[in-house]
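Structure at a glance
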Amino acid sequence: MQVLTNLITNALEAEDTNKGTIDLTVKIVSSSDISAIHRFPVDWQSQDLTYACIAVTDTGCGIGDDDIAKIFDPFFSSKFPGRGLGLAVLLG
């Protein structure tokens, strides 16, 4: 539940006017369909043939190139002060 809460909260906060769209998709994917660009850590190797895939997408501004490498760092935030554990908690 914490994973979904943090992902959806981040998506909501990415919507500048809170009038965008947030989509949640759950599906089964084959391990061979998980491309290298969607793996974290980048050296992750699958252990099973299939996985549950949860995707949260939004119509927000996206993550800047300078920020993408830091999104799982504890206490990193590009938003207002007092935030920053959301995605670090997800990774853990």
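Up top is the structure these notes are about.
The residue numbers shown here count from 1 along each chain, following its written sequence. Owing to the predicted nature of the model, reporting of local features is limited to residues with pLDDT of at least 70; listing and counting of side-chain atom pairs is limited to 80 or more, with chain, interface and lining totals taken over all residues. Side-chain metrics rest on all non-hydrogen atoms present in the structure, leaving aside hydrogens and water.

Brief notes about the overall build of the chain
Strands are runs of DSSP state E lasting at least two residues, helices are runs of H or I lasting at least four, and both sets are numbered from the N terminus onward. A tally of helices and strands in the chain yields 3 helices and 2 strands. Taken from N to C terminus, the helices and strands of the chain fall in the order α-β-β-α-α. Exposure is judged per residue with a 1.4 Å probe applied to protein chains only, and the accessible area is read against the type maximum: over 50% gives exposed, under 20% gives buried, and values in between give partly exposed. In the chain, which comprises 92 residues, the share counted as buried stands at 13%. Within the chain, counting contacts between residues at least 6 apart in sequence, those at least 24 apart form 54% of the total. Only carbon and sulfur atoms are counted for the fraction: they give 58% of the accessible area of the chain, which is about 7,000 Å². In this description, contact between two residues means that some pair of their heavy atoms is separated by no more than 4.5 Å. Under the convention used here, a 1.4 Å probe and the Shrake-Rupley method define accessible areas, while residue burial counts only the protein chains that appear.

Thoughts on a nonpolar patch on the surface
A surface patch of nonpolar side chains, about 490 Å² in accessible area, is lined by I8, L12, I22, L24, V26 and I54. The greatest single-element share of the nonpolar patch, amounting to 3 residues, is contributed by strand β1 (residues 22–30). Mapped onto the secondary structure, V26 falls in strand β1. Of the residues examined, V26 reaches a relative accessible area of 60% and is grouped as exposed. Only residues whose relative accessible area exceeds 30% and that take part in no salt bridge are eligible for patches, with like-charged residues grouped when within 9 Å of each other and nonpolar side chains (Val, Leu, Ile, Met, Phe, Trp, Tyr) grouped when within 5 Å. We count a salt bridge whenever a side-chain nitrogen from Lys or Arg sits within 4 Å of a carboxyl oxygen from Asp or Glu.

Points about the environment of T21
Structurally, T21 is set in the loop between α1 (2–14) and β1. C-alpha of T21 to C-alpha of D58: the two residues are 37 residues apart in sequence and 5.5 Å apart in space. Those residues in contact with T21, other than ones at most four positions away along the chain, are E15, T57, D58 and T59.

Regarding the environment of T50
In this fold, T50 is placed in strand β2 (residues 50–58). Accessibility expressed as a relative area gives 49% for T50, which makes it partly exposed. The sequence separation of T50 and D33 amounts to 17 residues, and the corresponding C-alpha distance is 9.3 Å. Ignoring any residue separated from it by four or fewer positions in sequence, one finds T50 in contact with I28, V29, S30 and S31.

Here we look at the packing of aromatic side chains
Only centres within 6.5 Å qualify two rings of Phe, Tyr or Trp (six-membered ring in Trp) as a pair; their planes then separate them into stacked at under 30 degrees, edge-to-face at over 60, and tilted for everything else. In this structure the tally under the stated criterion is 1 aromatic pair. Ring plane angle 70° and centroid distance 5.6 Å describe the contact between W44 and Y51, whose orientation is recorded as edge-to-face. Look at W44 and you get partly exposed, because its relative accessible area is 26%.

Nothing here speaks to function; it is all geometry.
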